[in-house]
Amino acid sequence: RSGVPLPSGGVLPAVALGTMELKGEALASMLSQGFPAVDTAPTYKNETAVGQGLSPAAYLIAKVPRAVTGDGQGSSGVRDALRKSLQRLGRRKADLVLLHWPDKACEDGSLAAVWAALEEAREAGEAGEIGVCNATAAVLRELLKTCRVRPAVNQVERHPLLPQ
């Protein structure tokens, strides 16, 4: 499989199907095209449908939403959210788990605890790799001060409607 080499020795496919706003027949049609990777999040409100159409061979990118990081549950909320996502997706493990928009966790001082929960998920076999999504340089600097496992990726959403 071609793509981006990861620290674990695995490879992140160069092309992934983003499932935000995909539902019903459109989602089923896209999943049937055999994309090598699928990117989803609970905030997209379609994980069950994604899981039903997901090929067992597809590389799964799952996200822990920013709302979970500041809900007062700390690291247990992060692990619980990931487990619920995996259950909806019909998987025991995601190949890559991303902390979605980690700026809130950095601002409220919970970034180290939230990241530690992702490290625990990786150690427990619920995540192959862990990373961040839309992290600023300041957030990455803060994260690198305390992490045991460095983020494998920083997935950045960039398009004409979101020039960051």
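Across its full length, the chain carries 7 helices and 8 strands. Its C-alpha atoms give the chain a radius of gyration of 15 Å, near enough to 15 Å, the size a compact globule of 164 residues would have. The C-alpha extent of the chain, read off along each of the three principal axes, is 40 × 35 × 30 Å. Partitioning the intrachain contacts of the chain with sequence separation of at least 6 by distance along the chain shows that 55% fall at a separation of at least 24. Total accessible area on the chain stands at roughly 8,400 Å², and carbon and sulfur atoms take up 53% of it.

This brings us to the pairing of strand β4 (residues 37-40). Side chains Ala37 and Asp39 project from β4 onto one buried face, and the interleaved Val38 and Thr40 project onto a second face that is buried too. For the crossover that starts at strand β3 (residues 17-18), traverses helix α1 (residues 24-31) and ends in the parallel β4, the hand is right-handed. For β4 and strand β5 (residues 59-64), the ladder comprises 4 bridges, and the chain directions are parallel. Across the sheet, residue alanine 37 finds its bridge partner in β5, namely tyrosine 59.

Let us look at the packing of helix α6 (residues 111-123) against helix α7 (residues 137-146). Packing of α6 against α7 brings their axes to within 10 Å, and their N-to-C directions diverge by 65°. As the angle between them shows, α6 and α7 are arranged roughly perpendicular. Note on packing geometry: the crossing formed by α6 with α7 is right-handed. Contact with α6, carried on its side by Leu111, Ala112 and Trp115, involves Val139, Glu142, Leu143 and Thr146 of α7 and no other residues of that element. Residue classes in the contact of α6 with α7 are distributed as 5 nonpolar, 1 polar and 1 charged.

Burial analysis of β5 places 6 of its 6 residues in the buried class, the great majority of the element. Side chains of β5 alternate between two faces, with Tyr59, Ile61 and Lys63 and Leu60, Ala62 and Val64 buried alike. Each parallel crossover has a hand, and for β4 linked through helix α2 (residues 47-53) to β5 it is right-handed. In the sheet, β5 pairs with strand β6 (residues 94-100) via 4 bridges, with the strands oriented parallel. By the bridge assignment for β6, alanine 62 is matched with valine 97.

Per the counting criterion, the structure on display carries 9 salt bridges. Taking the shortest distance from any N to any O, the salt bridge between arginine 83 and glutamate 126 comes out at 3.0 Å. In this pair, arginine 83 sits in helix α4 (residues 74-89) while glutamate 126 sits in the loop between α6 and β7 (127-133), placing the two residues 43 residues apart along the sequence. Given a relative accessible area of 11%, glutamate 126 falls into the buried group. If you follow the salt bridges from partner to partner, you end up with Arg79, Arg83, Glu120 and Glu126 in one network.

Cut-offs used in this document
- Residues numbered from 1 in each chain as written.
- Predicted model: local features only at pLDDT ≥ 70, side-chain atom pairs only at ≥ 80, totals over all residues.
- Heavy atoms only, no water.
- Helix = DSSP H or I, 4+ residues; strand = E, 2+ residues; numbered from the N terminus.
- Rg over C-alpha atoms; globule rule 2.2 N^0.38 Å.
- Contact = heavy atoms within 4.5 Å.
- Areas by Shrake-Rupley, 256 points an atom, 1.4 Å probe, with all protein chains shown as cover.
- Buried < 20%, exposed > 50% of the residue type's maximum accessible area, 1.4 Å probe, protein only.
- Right-handed = clockwise from strand over helix to strand, strands pointing away.
- Pairing = 2+ DSSP bridges.
- Axes fitted to C-alpha atoms, helices over the stretch in contact; angles between N-to-C directions.
- Parallel < 35°, antiparallel > 145°, perpendicular 65-115°, else oblique.
- Left-handed = near helix turned anticlockwise from the far one by under 90°.
- Nonpolar A, V, L, I, M, F, W, Y, C, P; charged D, E, K, R; others polar.
- Salt bridge = Lys/Arg side-chain N within 4 Å of Asp/Glu carboxyl O.

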